[in-house]
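Summary of structural features
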Amino acid sequence: MNKWDCLEETLKNLKRENLYRHITEFASSQSKEIIVNGRKMLLFASNSYLDLCNVPEVKDYASKIALEYGTGSGGSRLTTGTTDVHMRLEEILAGYKGREASIVFNTGYMGNVGTISALAGKGDVIFSDELNHASIIDGCRLSKANLVIYKHNDMVDLEMKVKEYISNKTNGSTAEGAPVKANNVCRGLIVSDGVFSMDGDIVNLPELVEIADGYNLFSMIDEAHATGVIGETGRGTEEYYHMEGKVDILMGTLSKSIGSEGGFVCGSRTLVEFLINKARSYIFSTSLSPVTMGASYMSIKYIMEHNERVERLQHNIKYFCHCLTDEGIDVKSDTSIIPIIIGDEKKALEVSEELKNRGYYVSAIRYPTVAKGCARLRVALMATHTDEELLAFSKSIGQVYRKMHRI
Ligand SMILES: *Cc1c(COP(=O)(O)O)cnc(C)c1O
């Protein structure tokens, strides 16, 4: 077999299983109204929930930084790639999340991979929700720690698995049968999405934190879809539960509601110093440019000063769920992610195509992002959608959905 044949074979199989991916080119900024294939459409698929990628306040500030500081950062954070703009962003982020300190990574993906692999190593343990984001999974794999997957958001299963693990350890053997010193309960971590990216549900934080604290494990929450969305002022999962300051490691991204790029971890000064010294994805990569850092900074400032954006998004979530229920589609969500489960991969693609024909851009999510046979439409709401737009969109979904069920 020619070396290229097996790659082509894989691609052919993906096409046959309706799992082939292609790129869609947007000829516009990432905001509510987009232009795709020369056609204006309404966007219901973006992670830019507060629709801040194209606001004048942020753009003007980023432009000013570009003129003053130029483009690239020229080095990694620990060499020549840190400016006062980088430091200002980390300061405002720590304040926004109510923490002593923060550290910015180049992406959320790199934040998870770098943080998890720094905090846990061979012989340590990580307890991870079965629906956690791929970047958490990759961080766990890279860490070489013992990995224990618990049932989705099931705190009874989590606690059982923690107990079982610790009792095996103290009885003198690991899962692999290697001898362990008694009471050598090394470092351990419980990690979960705050808002799950494909289901839009929220972690059971009170119980997760209680288990973590009770067994001397670190708690780590990924706030990618929670920041700017849940909690009265959009500060995320802790604010949603009124549990400010209770999570050890608050990870998040600047690329979703914040409308920029980058990942972050907020926490204690010790945690941040540790990551600066140990997180390889932070140390061995050129830092983001001051322009990007400046955009994130101004965007966070904007959110803090314009809580009405967050309130409007929360209104849209309630209103849209209500509209869909009226269409006979039973959904419930407290987050901007509204999954409509279709099941079959091909059908999910057809439904999303049909909605695109009607001028609505919405994604069909398939394996491996979700399990096989659990394909879905993933509606993502923005703060700028109006009631009229949400109502009309829900009616279109209703029509397409009913047509699909008749087939
Ligand atoms: C998007 C996402 C990430 C990765 O963040 P990027 O900044 O896009 O790399 C991490 N975790 C979750 C839950 C996400 O949804």
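A brief structural summary. Every residue gets a number counted from 1 within its own chain, in the order that chain's sequence is written. Side-chain atom pairs in this predicted model are given and counted only at pLDDT of 80 or more, local residue features only at pLDDT of at least 70, and totals for whole chains, interfaces and linings cover all residues. In computing side-chain properties, one takes all heavy atoms of the structure into account and sets aside hydrogens as well as water.

Here the focus is the pairing of strand S4 (residues 125-129). Note on exposure labels: buried denotes an accessible area under 20% of the residue type's maximum, exposed denotes more than 50%, and partly exposed covers the range between, all computed with a 1.4 Å probe on protein chains only. Secondary structure elements follow DSSP: runs of H or I no shorter than four residues count as helices, runs of E no shorter than two count as strands, and numbering proceeds from the N terminus. Within S4, 5 of the 5 residues are buried, leaving the element largely enclosed by the surrounding structure. Of the two faces of S4, both are covered, the one formed by Val 125, Phe 127 and Asp 129 as well as the one formed by Ile 126 and Ser 128. Two strands are said to pair when DSSP picks up at least two bridges between them. Taken together, the 5 bridges between S4 and strand S5 (residues 146-150) define a ladder with parallel strand orientation. Directly across from Ser 128, in S5, lies its bridge partner Ile 149. We call a crossover right-handed when, viewed with the strands running away from us, the connection from the first strand over the helix to the second turns clockwise. Handedness of the β-α-β unit built from S4, helix H5 (residues 134-143) and S5 comes out right-handed. As defined by bridge partners, S4 adjoins strand S6 (residues 188-193) across 4 bridges and the pair is classed as parallel. Residue pairing for S6: Val 125 is matched across the bridge by Gly 188.

Each packed pair of helices is defined by two parameters, the angle between the axes and the distance between the axes. It is the contact of helix H11 (residues 290-305) with helix H12 (residues 307-326), at a shortest axis distance of 5 Å, that shows an interaxial angle of 75°. In terms of orientation, H11 and H12 fall into the roughly perpendicular class. On the side of H11, the interface is formed by Tyr 302, Ile 303 and Glu 305, while H12 contributes Asn 307, Glu 308, Arg 309 and Val 310. Residue composition of the contact of H11 with H12, by class: 3 nonpolar, 1 polar and 3 charged. Convention adopted: a line fitted to C-alpha atoms gives each axis, helices being fitted over their contacting stretch, and angles between N-to-C directions are expressed from 0 to 180 degrees. Angles are sorted into four bins: roughly parallel if under 35 degrees, roughly antiparallel if over 145, roughly perpendicular if 65 to 115, and oblique for all others. Here, residues are in contact when the closest pair of their heavy atoms is within 4.5 Å. In this count, Pro and Cys sit with the nonpolar residues alongside Ala, Val, Leu, Ile, Met, Phe, Trp and Tyr, while Asp, Glu, Lys and Arg are called charged and the others, Gly among them, polar.

Below, the discussion takes up the layout of surface pockets. Each pocket or cavity is described by its volume, and for the second largest pocket that value is around 200 Å³. Taken together, 15 residues make up the lining of the second largest pocket; nearest its centre are Met 87, Glu 90, Ser 102, Arg 269 and Val 272. Top contributing element to the lining of the second largest pocket by residue count: helix H3 (residues 84-96), with 4 residues. In terms of residue class, the lining of the second largest pocket is built from 8 nonpolar, 2 polar and 5 charged. Here a cavity denotes a set of grid points, spaced 1 Å apart and computed over the protein atoms alone, in which a 1.4 Å probe fits but from which it cannot get out, and a pocket denotes an open set meeting protein on both sides within 12 Å along at least five of seven lines; residues with an atom within 4 Å of a point are reported as lining. Grid points are joined across faces, edges and corners, and a volume is the space filled by probe spheres set on the points.

The next point concerns the nonpolar core. If you look at the biggest cluster of nonpolar residues, it comprises 85 residues, and the most contacted ones within it are Phe 127 and Val 379. Counting residues per element, this core draws most heavily on H11, which supplies 7 residues. Among residues more than four places away in sequence, those in contact with Phe 127 are Val 148, Tyr 150, Leu 158, Lys 161, Val 162, Tyr 165, Leu 189, Ile 190, Val 191 and Leu 217. The criterion is simple. A nonpolar core is a set of buried Ala, Val, Leu, Ile, Met, Phe, Trp, Tyr and Cys residues joined through side-chain atoms within 4.5 Å. Formed by 23 residues, the second largest nonpolar core is a distinct cluster that contains Ile 136, Cys 140, Leu 189 and Met 251.

Now for the packing of helix H13 (residues 345-357) against helix H14 (residues 387-406). Viewed as axis vectors pointing N to C, H13 and H14 meet at an angle of 140°, and their least axial separation amounts to 10 Å. The pairing of H13 with H14 is recorded here as oblique in orientation. For H13 against H14, the interelement crossing comes out right-handed. Residues Lys 347, Val 351, Glu 354 and Leu 355 of H13 pack against Phe 393, Ser 396, Ile 397, Val 400, Lys 403 and Met 404 of H14. Note: crossing handedness is left-handed where the near helix turns anticlockwise from the far helix by less than a right angle, and right-handed where it turns clockwise.

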